[in-house]
Amino acid sequence: MSALQDLYPDDFSYCYGCGRLNAHGLHVKSEWKADVCVARFNPSPDHIALPGFVYGGLIASLADCHAMATAAGASMVASGAVPGRDQTPRFVTASLHVDYFRPTPLGPDLVLTARLVKVGERKVVVEMGITANDVECVRARVVAVRAPASMFSQHTS
């Protein structure tokens, strides 16, 4: 199965965090696994706040992009589509709340694990955690909504 972001429509594949068509992006890759969505990301030395620790803005971006993929996967399951096989619908962020429990170390892979709270026709609520070395550093609660039609075909090359 493919990562959910790899199956976004081309118009929605330029995101700095997860877009496959953004040569300079982070390329977050989320995989649907039964009742959770999981991604791994290894920050580079450029992603620091202070030496040895990851920049909080990057953490928020990872949570945002992973939650949008999770929302898409949940909506796919609800409609009978298969996440990682069928084209992934695009969701956008309505609300992003991030709690930082401890500094996130630079070096180990970050594991993003998201679970569904509520799946509606237009809106999905996701809760997720980010761990480093099996220690939870961050929790986020994200509200995602289906991307409005007005956003399609609006990218620049």
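Look up: the structure comes first, before these words.
Residues numbered from 1 in each chain as written. Predicted model: local features only at pLDDT ≥ 70, side-chain atom pairs only at ≥ 80, totals over all residues. Heavy atoms only, no water.

J.: Which residues make up the sheet that holds strand β1 (residues 30–33), and what are the values?
T.: If you walk across this open sheet you meet the six strands as β1-β2-β6-β7-β8-β5, and the pairing is antiparallel. The open sheet terminates on both sides in strands that have one partner only, identified here as β1 and β5 (91–100). The average angle at which neighbouring strand axes cross in this sheet is 25°, direction not considered. Bridge count between strand β7 (residues 123–132) and strand β8 (residues 135–146): 10 bridges; the pairing is antiparallel. Paired with Gly129 across the strands is Arg139, a residue of β8. Across the face of the sheet, helix α1 (residues 56–79) comes into contact with β1, β2 (36–41), β5, β6 (110–119), β7 and β8 while running at roughly 130° to β5. (Pairing = 2+ DSSP bridges. Helix = DSSP H or I, 4+ residues; strand = E, 2+ residues; numbered from the N terminus. Axes fitted to C-alpha atoms, helices over the stretch in contact; angles between N-to-C directions. Contact = heavy atoms within 4.5 Å.)

J.: Quick one: what's the story with the nonpolar core, residue by residue and with numbers?
T.: Core analysis: the largest hydrophobic core is formed by 38 residues, its most contacted members being Leu62, Met68, Phe91, Leu110, Leu112, Met128 and Ile130. Going through the elements one at a time, β2, α1, β5, β6, β7 and β8 are the ones with two or more residues in this core. Ranked by the residues each element gives to this core, the list is headed by α1, at 13 residues. Setting aside its immediate chain neighbours within four residues, Ile130 contacts Ile59, Ala63, Leu110, Val111, Leu112, Val135, Glu136, Cys137 and Val138. (Core = buried A, V, L, I, M, F, W, Y, C linked by side-chain atoms within 4.5 Å. Buried < 20%, exposed > 50% of the residue type's maximum accessible area, 1.4 Å probe, protein only.)

J.: Any chance you could break down the pairing of β8 for me, citing the residues and the numbers?
T.: Consecutive side chains of a regular strand alternate in pointing toward one face of the sheet and then the other. Alignment of β5 against β8, held across nine bridges, turns out to be antiparallel. Its bridge partner being in β8, His97 is matched across the sheet by Arg141.

J.: Can you lay out the environment of Asp10 for me, pointing to particular residues and giving the numbers?
T.: Residue placement: Asp10 occurs in the segment before β1. Accessibility expressed as a relative area gives 46% for Asp10, which makes it partly exposed. Along the sequence, Asp10 and Phe152 sit 142 residues apart, while their C-alpha atoms lie 9.6 Å from each other. Setting aside anything within four residues of it in sequence, one finds Asp10 in contact with Arg20 and Leu21.

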